[in-house]
Amino acid sequence: MRKILGKNLLAGLSLAGLLFATACGAGAGTAGTAKNESPAAPTQPAQSEPAKVTKVKVGHLKSLSDAPIYIAIEKGYFKQQNLEVEDVAFETGADMIAPLTAGQLDVGGGGISAGFYNALGRGFDIQIVADKGHVGKDSNYVAIMVRKDLIDSGKIKSFEDLRNKKIAIVSKTGSNAAQLSVALKKGGLTFKDVEVVEMTFPNMGTALGSGAIDVGFIPEPFVTRFVQSNLAVNWKGVNDVIPNAQTGVLLYSSKFAKDDPDAANRFMIAYLKGVRDYNDAFFKQKGYDEVVSILTKYTTVKEAALYKQMVPAGIDPNGNINKDSLQLDYDWYKSEGLIKTDIDLNKVINTSFLQAAQKELGNY
């Protein structure tokens, strides 16, 4: 585990307000006061004990879908919930699984791969608790990008034209592989009809430009950067293949969820407030400049102007998870023999914290 960021935020506002008792002294001549007895001294206002501050270690990827966490940090939402957050950066979501299970990390998130389910099958105990990224009609931020010459020449017009093409995905055991399988099926194809290669997103741009690959499944901000550099064309989005596909989730370690459910509830309230500010900024243009300023501070996308050009990631303002999408991915992993043990998603997804936060904040 590679710790890149580690900011201890100061504890903030108490959940319980100060309780004031009214002064209770009777003036001279008041009935019930003995002769020559001095009036009782005014009672001092009673003060409640400060609410306990809970330290929460949160894993993140410095990615755009981590925006609600960054917003909640900067706008003091965690502080308001008496949470002292330490944010720890990881290279991949898979790197968070072991520390989440060991209780060394309380909260994390990312895409759900076959490796996640295999970890659960080995006794790892992690809970999916909220949406942390999905595609949609106005948030189709994961694209199927195609070499520009193949589009200009008309060699790729439909899914059928993917036959014999070299297609890059970041992992053959991740959600992009499941999405590719559905895209191929739309063209009457299978993995046997294409050449699939694993590659990091930055390297996909170079490979598309050199002709080393024909197609890549790529998220923002790389989509916009590759289009601007004329390396590839944004051909279709994942939403065109699997509508509202779940691309990322928020995770709780079971230790955090079981040992301190109150803190877990408070974390979700702060997180959901960050989610709503994110939606206000990118889909309603409300508080946009402030949110972009926060994201340029925390994420790898430092150019403020780029945010106006990118397609934003979808994050449900109520935090709801698309279970059907997760089930689709799971079923594909299982059918390919990538998962060794049967996993019941109903036992992995825990919406109790989300429901408590929704009750507290109301629906968006």
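Values in this document were obtained by computation on a predicted structure and should not be read as measured data.

S.K.: How should the overall build of the protein chain be read in this particular structure?
M.R.: Within the protein chain, the regular secondary structure consists of 15 helices and ten strands. Here the contacts in the protein chain between residues at least 6 apart in sequence split such that 80% fall between residues at least 24 apart. Surface accessibility of the protein chain: about 17,000 Å² in total, with carbon and sulfur atoms responsible for 50%.

S.K.: Please explain the environment of Lys-273 as it appears in this structure.
M.R.: Looking at the element boundaries, Lys-273 is found in helix α10 (residues 261-284). Given the relative accessible area of 24%, Lys-273 is considered partly exposed. When the C-alpha positions of Lys-273 and Leu-361 are compared, they lie 8.2 Å apart, and in sequence the two are 88 residues distant.

S.K.: Quick question: what am I supposed to make of the sheet that holds strand β7 (residues 195-198) here?
M.R.: The strands making up a sheet associate through backbone hydrogen bonding, with each pair oriented either parallel or antiparallel. Spatial strand order, β7-β6-β8-β5-β9: five strands in an open sheet with mixed pairing. On the outer flanks of this sheet lie β7 and β9 (233-237), each paired with one strand and no other. With strand direction ignored, the average angle separating the axes of adjacent strands in the sheet is 30 degrees. When strand β5 (residues 142-146) meets β9, the two strands line up antiparallel, connected through four bridges. Across the sheet, Val-146 pairs through a bridge with Val-233, a residue of β9. Against the sheet, helix α6 (residues 175-186) touches β5, β6 (166-169), β7 and β8 (215-219), its axis set at about 145 degrees to β6. In this fold helix α7 (residues 201-210) packs onto β5, β6 and β8, with an angle of close to 145 degrees to the strand it touches most, β8.

S.K.: So what exactly am I meant to see when it comes to the nonpolar core here?
M.R.: Looking at soluble globular proteins, one finds that nonpolar side chains tend to be buried together. Ranked by size, the top nonpolar core spans 99 residues in total, and within it Phe-116, Tyr-117, Ile-128, Leu-250, Tyr-252, Phe-267 and Met-268 carry the most contacts. Excluding residues within four positions of it along the chain, Ile-128 makes contact with Ile-112, Phe-116, Val-249, Leu-250, Leu-251, Ile-321, Leu-326, Val-348, Ile-349 and Asn-350. The next biggest cluster of nonpolar side chains, apart from the first, holds 15 residues, and it includes Met-145, Val-197, Met-204 and Ile-218.

S.K.: Explanation requested: the packing of aromatic side chains in the structure shown.
M.R.: To describe a pair of aromatic rings, you give the distance between the ring centres and the angle between the ring planes. Throughout the structure, instances matching the rule amount to 16 aromatic pairs. When the ring of Phe-222 is compared with that of Phe-226, the centres are 6.1 Å apart and the planes differ by 40 degrees; the resulting orientation is tilted. You can see Phe-222 and its partner Phe-226 sitting in helix α8 (residues 222-228), four residues apart, about one turn around the helix. Looking at Phe-222, the relative accessible area reads 19%, which means it is buried. Following the ring pairs from residue to residue traces out a cluster consisting of Phe-116, Tyr-117, Phe-191, Tyr-330, Trp-332 and Tyr-333. Here Arg-122 stacks its cationic end above the ring of Phe-124, 5.3 Å away from the centre of that ring. A cation over an aromatic ring shows up here: Lys-236 above the ring of Trp-235, its NZ or CZ 5.0 Å from the ring centre.

S.K.: Would you mind going over the confidence of the model for the protein chain with me for this structure?
M.R.: When pLDDT is averaged across the protein chain, the result is 88; 86% of the residues are at 70 or more. Note that pLDDT drops below 50 for residues 1-48; the model gives that stretch 61 contacts with residues more than four away or on any other chain.

S.K.: Could you clarify how one ought to interpret helix α1 (residues 67-74) in this entry?
M.R.: Taking burial as the measure, the eight residues of α1 include seven buried ones, the bulk of the element. Burial in α1 covers these residues: Ala-67, Pro-68, Ile-69, Tyr-70, Ile-71, Ala-72 and Ile-73. Looking at the buried side of α1, the elements it contacts are β1 (54-60), α2 (77-80), β2 (83-89), β10 (246-253), α10 and α11 (288-298). Just beyond α1, the residue with positive phi is Gly-76, at close to 75 degrees.

S.K.: Just to check I follow, could you spell out the environment of Leu-180 for this structure?
M.R.: Within the fold, Leu-180 resides in helix α6. Exposure remark for Leu-180: the relative accessible area of 0% places this residue in the buried category. Here the alpha-carbon distance between Leu-180 and Thr-190, two residues ten residues apart in the chain, equals 9.2 Å. Excluding residues that lie within four positions of it along the chain, Leu-180 makes contacts with Ile-167, Ile-169, Phe-191, Val-196 and Phe-217.

S.K.: What exactly am I supposed to notice about the pairing of β8 here?
M.R.: A regular strand places its side chains on the two faces of the sheet in alternate fashion. Across the five residues of β8, five count as buried, placing the element largely inside the fold. Side-chain alternation along β8 places Val-215, Phe-217 and Pro-219 on one buried face and Gly-216 and Ile-218 on a second face that is also buried. Relative to β8, β5 is paired through five bridges, and the arrangement is antiparallel. Residue pairing for β8: Ala-143 is matched across the bridge by Ile-218. Note: β6 against β8, two bridges, orientation parallel.

S.K.: It is not clear to me how the pattern of salt bridges should be interpreted in this structure. Could you clarify?
M.R.: Pairing between side chains becomes possible if they bear opposite charge and their charged atoms approach one another. As enumerated under the stated definition, the model contains 14 salt bridges in all. Glu-290 is the partner of Lys-75 in a salt bridge, and the nearest nitrogen-oxygen pair spans 3.6 Å. With Lys-75 in the loop between α1 and α2 and Glu-290 in helix α11, this pair connects stretches of sequence that are 215 residues apart. Owing to a relative accessible area of 28%, Lys-75 belongs among the partly exposed residues under this scheme. Salt bridges sharing partners connect three or more residues here, namely Lys-75, Asp-277 and Glu-290.

Reading the values: the criteria
Residues numbered from 1 in each chain as written. Predicted model: local features only at pLDDT ≥ 70, side-chain atom pairs only at ≥ 80, totals over all residues. Heavy atoms only, no water. Helix = DSSP H or I, 4+ residues; strand = E, 2+ residues; numbered from the N terminus. Contact = heavy atoms within 4.5 Å. Areas by Shrake-Rupley, 256 points an atom, 1.4 Å probe, with all protein chains shown as cover. Buried < 20%, exposed > 50% of the residue type's maximum accessible area, 1.4 Å probe, protein only. Pairing = 2+ DSSP bridges. Axes fitted to C-alpha atoms, helices over the stretch in contact; angles between N-to-C directions. Core = buried A, V, L, I, M, F, W, Y, C linked by side-chain atoms within 4.5 Å. Phe/Tyr/Trp six-rings, centres within 6.5 Å; stacked < 30°, edge-to-face > 60°. Lys NZ or Arg CZ within 6 Å of the ring centre and 35° of its normal. pLDDT = per-residue confidence, 0-100. Salt bridge = Lys/Arg side-chain N within 4 Å of Asp/Glu carboxyl O.

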